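Below are the chains, spelled out letter by letter.
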Amino acid sequence: MARGGRPPQLAERAGLTQAKISRVEGADTVPTLPLLRRLAPALDASLNIAFDDDHEEVTFIAHPAA
């Protein structure tokens with residue numbers, strides 16, 4: 001979690017609760033697309049998801065540090 005900072009700051013930037021971040025980190029929940037949409041910019045990253053009948057691709061791209 002180094003890129004996004006400590007979990008409390010990540011939760012604040014993403015507009016989520018610390019409990020929600022902890023559940024995602026601990027794999028206690030499957031994140032929804034809206035949740036992932038909030039987390040990507042909070043982590044200064046892009047998330048691309050593509051799928052069709054026989055293919056799926058998930059790409060998480062961290063933006064370079066300024």
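For the structure, check the block above.
Treat the numbers as computed from the prediction; the structure is a model and nothing was measured. (Residues numbered from 1 in each chain as written. Predicted model: local features only at pLDDT ≥ 70, side-chain atom pairs only at ≥ 80, totals over all residues. Heavy atoms only, no water.)

A. Local environment of the pairing of strand E2 (residues 55-62). Of the strand pairs in this sheet, strand E1 (residues 45-52) and E2 are connected by eight bridges, and their pairing is antiparallel. By the bridge assignment, Ile49 is partnered in E2 with Val58. From the end of E1 to the start of E2, which pair antiparallel, there are two residues. (Pairing = 2+ DSSP bridges. Helix = DSSP H or I, 4+ residues; strand = E, 2+ residues; numbered from the N terminus.)

B. Examining unusual backbone geometry more closely. One non-glycine residue, Ala27, lies in the positive phi region at around 60°. Position of Ala27 relative to the elements: it lies in the loop between helix H2 (18-25) and helix H3 (33-42).

C. Examining H3 more closely. Here H3 has its buried residues at Leu35, Leu39, Ala40 and Ala42. Down the axis of H3, the sector holding all buried residues measures 165°, keeping them to one side. Along H3, exposed side chains directed more than 90 degrees from the buried face belong to Leu33, Pro34, Arg37 and Pro41. Lining the buried residues of H3 we find helix H1 (7-14), H2 and E1. Backbone geometry just downstream of H3 places Asp44 in the positive-phi region, at approximately 55°. (Buried < 20%, exposed > 50% of the residue type's maximum accessible area, 1.4 Å probe, protein only. Arc of directions from axis to C-beta. Contact = heavy atoms within 4.5 Å.)

D. Local environment of the packing of H1 against H3. Interaxial distance between H1 and H3 falls to 8 Å at its minimum, and their mutual angle equals 115°. Seen from above, H1 lies across H3 with right-handed handedness. For the pair H1 and H3, the contacting residues are Leu10, Arg13 and Ala14 in the first and Arg38, Leu39 and Ala42 in the second. Here the contact of H1 with H3 is composed, by residue class, of four nonpolar, no polar and two charged. (Axes fitted to C-alpha atoms, helices over the stretch in contact; angles between N-to-C directions. Left-handed = near helix turned anticlockwise from the far one by under 90°. Nonpolar A, V, L, I, M, F, W, Y, C, P; charged D, E, K, R; others polar.)

E. Fine view of the environment of Pro7. Along the chain, the position of Pro7 falls in helix H1. A C-alpha to C-alpha distance of 7.8 Å links Pro7 and Ser22, two positions 15 residues apart in sequence.

F. Up close: the nonpolar core. Of all hydrophobic cores here, the largest spans ten residues; its members are Leu10, Ala11, Ala14, Leu16, Ile21, Leu35, Leu39, Ala42, Leu43 and Ala45. Of all elements in the fold, only H1 and H3 reach the threshold of two or more residues within this core. Those residues within four positions of Leu39 in sequence are excluded, and the remaining contacts are Leu10, Ala14, Leu16 and Ile21. (Core = buried A, V, L, I, M, F, W, Y, C linked by side-chain atoms within 4.5 Å.)

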